[in-house]
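# Remarks on the overall topology
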Amino acid sequence: MNITVLGAGAWGTAFGKVLADAGNDVTMWAIEPEIVEGIRDRHCNEVRLPVVEQLPANMTATGDRAEAVRGAEIVVVAIAAQFARVALEPFNGLIPPNAIVVSLMKGIERNTNKRMDEVVCESLGLDASHFAAVSGPNLSKEIAQEQPAATVVACEDIDNAKKVARACTTNYFKAFVTTDVIGLEMCGSLKNVVALAVGMARGAGYGENTAAMIETRGLAELTALGEAAGANPKTFAGLAGVGDLIATCGSPLSRNYTFGANLGKGMSKDEATKASNGVAEGVPTTAAVVALGERYGVPTPLASAMNRVLEEGISCADMLAQLFGSDITVE
Ligand SMILES: NC(=O)C1=CN([C@@H]2O[C@H](COP(=O)(O)OP(=O)(O)OC[C@H]3O[C@@H](n4cnc5c(N)ncnc54)[C@H](OP(=O)(O)O)[C@@H]3O)[C@@H](O)[C@H]2O)C=CC1
Ligand SMILES: O=C(CO)COP(=O)(O)O
């Protein structure tokens, strides 16, 4: 298949490699000429994915929007979530009408509080049956090194989900399918907020009990919010839910975990942003999760406490103290 990936960041490039390894012809689109030239002329992305010395030969790049999506059967979007709308609008009308548009993004748009399925469909004028989300425990560096991993593809139209899953199946990468687009979107976005909190606790020196407490209560929070938004609760027990929570909350390869760890070690939000190697989506998404909780009438103690860390600079101890009220409640 002809597949285009919009955004040649760490995950966009690693997923482009998966697609090329699966036998597809892959065109990466990026704004920065340095990245385009690197992928097109030298088969590497030294800026965002230096761990891969030689990208596959059936992977190229362009900075031209129309050229990038011409003849594409699948268009993958891997842009920092807060910039997805502004980056995608110029592609409206350029993408072939039957193409499936796949989002790899894990975030909620700040101010509108919209999920990426909503943002992508609105900005491209896309029918939901042609939108798919891909989410799972997928740390880009490990996948770029071809370590065995699995993911989930969600699309309202299960045949389109299967088409995308087939396109990204290799001997080291396995894709499952579901129709629960909302569940997948909520899992991917909300686990980043949990990873910030776990990272912060680790950075502050706390151990396994504290990390397990945050992960478990975080899972309960994101499941409740996801269900209220229309997701299938089973999705949260799968790869995209618990699976991604385990990977992201347990690895220094995660930008969200690392951002949190730096806060826990005493860095300010600005210092942690400067130290970050790529986008930490949980940072702008946290306020959006709090707003979604208010909209759906679901308590979000973890996101609310993390929001106070990010907005008011409260300490890790205060963040953890805020997770539980004084009442004795049923778990
Ligand atoms: N890294 C990972 O392990 C995983 C990441 N994800 C998700 O995938 C998404 C992308 O992540 P990743 O590739 O790692 O992030 P990076 O930080 O490596 O890259 C971000 C990408 O967004 C692009 N971008 C930012 N602003 C704009 C803009 N205004 N117009 C066009 N492009 C823009 C960047 O372009 P430029 O380089 O030109 O700045 C870059 O390609 C995120 O939502 C993330 O949560 C999901 C699973 C795994
Ligand atoms: O989503 C991820 C792994 O599944 C990557 O997490 P980070 O965005 O925190 O690096």
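Residues numbered from 1 in each chain as written. Chains lettered and ligands numbered in written order. Predicted model: local features only at pLDDT ≥ 70, side-chain atom pairs only at ≥ 80, totals over all residues. Heavy atoms only, no water.

Let us now look at the sheet that holds strand E3 (residues 59–62). Read across the open sheet, the 8 strands follow the order E3-E2-E1-E4-E5-E8-E9-E10; overall the sheet is mixed. Two strands close off the open sheet at either side, each with one partner strand: E3 and strand E10 (173–178). Neighbour to neighbour, the strand axes of the sheet diverge by 25° on average, direction disregarded. Here strand E2 (residues 25–29) pairs with E3 via 4 bridges, running parallel. Among the inter-strand pairings, Met28 is bridged to a residue of E3, identified as Ala61. Contacts between helix H1 (residues 10–21) and the sheet are confined to strand E1 (2–6), E2, E3, strand E4 (74–77), strand E8 (131–135) and E10, with E2 contributing the most and set at about 165° to the helix. Packing against the sheet, helix H2 (residues 33–42) makes contact with E2 and E3, and its axis sits at approximately 145° to E3. (Pairing = 2+ DSSP bridges. Helix = DSSP H or I, 4+ residues; strand = E, 2+ residues; numbered from the N terminus. Axes fitted to C-alpha atoms, helices over the stretch in contact; angles between N-to-C directions. Contact = heavy atoms within 4.5 Å.)

Our focus in this paragraph is the site of ligand 1. Taken together, the neighbourhood of ligand 1 is formed by 25 residues, with Ala10, Arg48, Ser140, Val279 and Glu281 sitting nearest. At 2.9 Å from an oxygen atom of ligand 1 is found a main-chain nitrogen or oxygen belonging to Val279. Between an oxygen atom of ligand 1 and a side-chain N or O atom of Glu281, the distance comes to 2.5 Å. The protein chains hide 86% of the 890 Å² of surface that ligand 1 would expose on its own. Residue contributions to the shell around ligand 1 peak at 3 residues, all from H1. For the shell around ligand 1, the class distribution of residues is 14 nonpolar, 6 polar and 5 charged. (Near = heavy atom within 4 Å. Polar contact = N/O pair within 3.5 Å; in protein donor to acceptor, adjacent residues only side chain to side chain. Areas by Shrake-Rupley, 256 points an atom, 1.4 Å probe, with all protein chains shown as cover. Nonpolar A, V, L, I, M, F, W, Y, C, P; charged D, E, K, R; others polar.)

Let's shift gears to the domain arrangement of the chain. Entries for the chain in the domain assignment read domain 1 (2–179) and domain 2 (189–321). Computed over C-alpha atoms, the centres of domain 1 and domain 2 are 25 Å apart. At the boundary of domain 1 with domain 2, total buried surface from both sides reaches about 1800 Å², with 62% on carbon and sulfur atoms. The interface formed by domain 1 and domain 2 includes 2 salt bridges. (Domains from an automatic or database assignment. Buried area = accessible area lost by both parts, 1.4 Å probe. Salt bridge = Lys/Arg side-chain N within 4 Å of Asp/Glu carboxyl O.)

All right, on to the UniProt feature "active site" (unreviewed entry) in the chain then. Those places that UniProt annotates as "active site" (unreviewed entry) correspond, in this numbering, to Lys191. Position of Lys191 among the secondary structure elements: in helix H8 (residues 181–203). Looking at Lys191, the relative accessible area reads 5%, which means it is buried. Discounting residues that sit within four places of it in the chain, Lys191 has contacts with Lys106, Met186, Leu222, Asp244, Leu245 and Thr248. (UniProt positions renumbered as here; feature names shortened; annotations may be inferred. Buried < 20%, exposed > 50% of the residue type's maximum accessible area, 1.4 Å probe, protein only.)

Our focus in this paragraph is the side chain of Thr300. Position of Thr300 relative to the elements: it lies in the loop between helix H13 (282–296) and helix H14 (301–312). If sequence neighbours within four positions are ignored, Thr300 has contacts with Glu221, Leu225, Val289, Val290 and Gly293.

Bringing the packing of helix H9 (residues 208–229) against H14 into the picture now. Packing of H9 against H14 brings their axes to within 8 Å, and their N-to-C directions diverge by 115°. In terms of their interaxial angle, H9 and H14 are classed as roughly perpendicular. On H14, the residues touching Ile214, Gly218 and Glu221 of H9 are Pro301, Leu302 and Ala303. Among the residues making up the contact of H9 with H14, the classes are represented as 4 nonpolar, 1 polar and 1 charged. (Parallel < 35°, antiparallel > 145°, perpendicular 65-115°, else oblique.)

The next thing to look at is the nonpolar core. Leu6, Ile214, Met306 and Met319 are the most contacted members of the largest nonpolar core, which has 73 residues in total. At 13 residues, the largest contribution of residues to this core is made by H8. Each of two domains, domain 1 (2–179) and domain 2 (189–321), supplies a minimum of three residues to this core. Look past the residues within four positions of Met306 in its chain and what remains in contact with it is Val193, Leu196, Ala197, Met200, Leu263, Thr286 and Met319. Membership of the second largest hydrophobic core comes to 42 residues, among which are Val5, Ile39, Val134 and Tyr172. (Core = buried A, V, L, I, M, F, W, Y, C linked by side-chain atoms within 4.5 Å.)

All right, on to the pattern of salt bridges then. Counted under the stated rule, the structure contains 15 salt bridges. Here Arg308 and Glu312 are joined by a salt bridge, their closest N and O atoms 2.9 Å apart. With Arg308 and Glu312 both in helix H14 and 4 residues apart, this pair spans about one turn of that helix. A single network of salt bridges, built from pairs that share partners, joins Arg85, Glu109, Lys114 and Glu122.

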